[in-house]
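Coordinate inspection notes
One-letter residues, chain by chain:
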Amino acid sequence: MNTLYYGDNLDVLRRHVPDESVDLVYLDPPFKSNQDYNVLFAEHSGKRTAAQIKAFEDTWRWDEGAALAFEQTVEHGGRVADALRAFRTFLSESDMLAYLSMMAPRLVELRRVMKATASIYLHCDSTASHYLKLLMDASFGPQNFRNEIIWKRSHAHSDAKQRARHFGRVTDTLLFYGKSDASIWNSLYTAYDDAYIERDYRRIDSNGRRYRIDNLQGPGGAAKGNPYYEVMGVKRYWRYSQEKMQELIRQGRIIQTRPGTVPQYKRYLDEMPGVPTQNLWADLPVLNNRSKEALGYPTQKPEALLDRIITASSNEGDTSLDPFCGCGTAIASAQRLKRRWIGIDITHLAIALIRHRLTGHEDAYGSLEYKVIGEPVSLPDAEELAASDPYQFQWWALGLVGARPTEQKKGADRGIARAALFPRRDTRADEANHLLGQGRRCYGKPGA
């Protein structure tokens, strides 16, 4: 069954996802690439200033946890361990090393759960893509590298007012690997541009169909085994047998532009699949606050991006996995494209957003059946979450009654600064309201 997991994806992968059970992995691990390089690559002794800790509260930093992840991965040995040791020599104990140290065991687990026919797409940007490429080579083998895909994520903009001394940054990178040579592949095509159509398909027949003319002569002549005979008064070596040629003539597919000229093949535009998709993806719609699918989630990706990935590297009924599922774009695309899915996130905010995104949209996503694992299932569980993290508790409880964020801020009481409520048919609504009431009494009233 389709499943959402709340928790640390490394723990969830190890405990809940079996070996070779997943057909496609997409991950977009959080990383604050807009931070100053002097901070990202600075060596840390373990004591950080409050400002530095605040800047990295939503991402990786070099601390005891990162050091432990590094040591445990290195102890297992192999090419991933070799890569981490090399990174430590070059990067020292920096936040960038912390990021790579936390990613390494997750990539190892993702490879374990992937079928031999599976593929993985790691979404990143230029700040860390070169290090992640080496780590992916170590995890999956350089021979299984397929593409570095460049995705244009936004329109051109100017940072001149901020005194930027670089070209505009409008692209992200997708590192695409297969687990083996047998990875699933479905060729994709994009539409021809208007200039190409006007140049190459300028002819229009009596039925209004655009076409171009192609050469019918057999390359290499007799040496390549091409037959020699006469067509429309012209003798040549042809690429088709005489019987096949007569059938094409009968269908009206062979023409002479003038009497006595070499016959040509009529190739119709509406029979052509389009341009094979390349590794530069600049044709997808840009997501902005006017987009219908926009949820206000800062790292949200357009469904068209995930549609392309899922269609190219999986088939209907296959299982896709997103271990950093955020607001659930990969889940929404997988559901609509009739794939099974697994999503993992460490915040109840993400789980609440995904619930809202899927519920009440059966027209787009079809009949929904999924379970959520890791959420509170009893009053003691809820009380424990409220005591340990009131912010997460309130998002979980609000999610039961159909809340989604309009501003992702914490109030002074460590509660939610603002939420938007939407009606939902949920048998747990009364329980959620009860729990929210407890939260207001114990931890401050969240904004409406």
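Residues numbered from 1 in each chain as written. Predicted model: local features only at pLDDT ≥ 70, side-chain atom pairs only at ≥ 80, totals over all residues. Heavy atoms only, no water.

1. Comments concerning the environment of V108
Mapped onto the elements, V108 comes out in helix α6 (residues 95-113). Since its relative accessible area comes to 38%, V108 is described here as partly exposed. C-alpha separation for the pair V108 and T73, spaced 35 residues apart in sequence, amounts to 9.2 Å. (Helix = DSSP H or I, 4+ residues; strand = E, 2+ residues; numbered from the N terminus. Buried < 20%, exposed > 50% of the residue type's maximum accessible area, 1.4 Å probe, protein only.)

2. Focus: the pairing of strand β15 (residues 319-322)
Covered by surrounding structure in β15 are T319 and L321 together with S320 and D322, the residues of both alternating faces. With two bridges connecting them, strand β2 (residues 22-27) and β15 associate as parallel partners. Along β15, the bridge assignment pairs V25 with L321. Regarding topology, helix α11 (residues 329-336) serves as the crossover connection from β15 to the parallel strand β16 (residues 340-345), and that connection is right-handed. (Pairing = 2+ DSSP bridges. Right-handed = clockwise from strand over helix to strand, strands pointing away.)

3. Overview of helix α4 (residues 64-75)
Compared with an ideal rise of 1.5 Å per residue, which puts 12 residues at 16 Å, α4 spans 16 Å between its outermost C-alpha atoms and is within 8% of the ideal. Residues of α4 that are buried include every one of A66, A69, F70, T73 and V74, and no others. Buried residues of α4, seen end-on, are gathered within an arc of 125° and therefore sit on one face of the element. For α4, the exposed residues lying more than 90 degrees away from the buried face are E64 and E75. Close packing links the buried residues of α4 with α5 (79-91) and α6. Two or three places before G65, at the start of α4, stands the capping residue D63, its side-chain oxygen 3.1 Å from that residue's backbone nitrogen. Once α4 finishes, G77 follows within two positions and takes phi at roughly 70°, a positive value. (Expected span 1.5 Å × (residues − 1). Arc of directions from axis to C-beta. Contact = heavy atoms within 4.5 Å. Polar contact = N/O pair within 3.5 Å; in protein donor to acceptor, adjacent residues only side chain to side chain.)

4. Some remarks on the nonpolar core
Judged by nonpolar contacts, the single largest core of 48 residues is most densely connected at L100, M103, L107 and I120. Sorting elements by how many residues they give to this core places α6 first, with 11 residues. Once residues within four sequence positions are removed from consideration, M103 is found in contact with L27, P29, W60, L122, L132, L135 and F324. Within the second largest apolar cluster, 24 residues are counted, among which are W281, A312, L337 and I354. (Core = buried A, V, L, I, M, F, W, Y, C linked by side-chain atoms within 4.5 Å.)

5. As for the packing of aromatic side chains
Following the criterion strictly, the structure yields 14 aromatic pairs and no others. Linked through ring pairs, F87, F90 and Y131 together constitute an aromatic cluster. (Phe/Tyr/Trp six-rings, centres within 6.5 Å; stacked < 30°, edge-to-face > 60°.)

6. So, the sheet that holds strand β7 (residues 203-204)
One open sheet accounts for four strands, arranged β7-β8-β12-β11; its pairing is antiparallel. Two strands bound the open sheet, and with one partner strand each, they are β7 and β11 (254-255). In this sheet, strand β12 (residues 264-268) lies alongside β11 in antiparallel orientation, the contact comprising two bridges. Residue I255 lies in a different strand from β12, and its bridge partner there is Q264.

7. Comments concerning the pairing of strand β4 (residues 145-152)
For a regular strand, side chains alternate in direction, first toward one face of the sheet and then toward the other. Where β4 and strand β5 (residues 171-178) come together, seven bridges link them in antiparallel fashion. Pairing of N147 across the sheet is with F176, part of β5. In the sheet, β4 pairs with strand β14 (residues 280-281) via two bridges, with the strands oriented parallel. Each bridged residue has a counterpart across the sheet, and for I150 the counterpart in β14 is L280.

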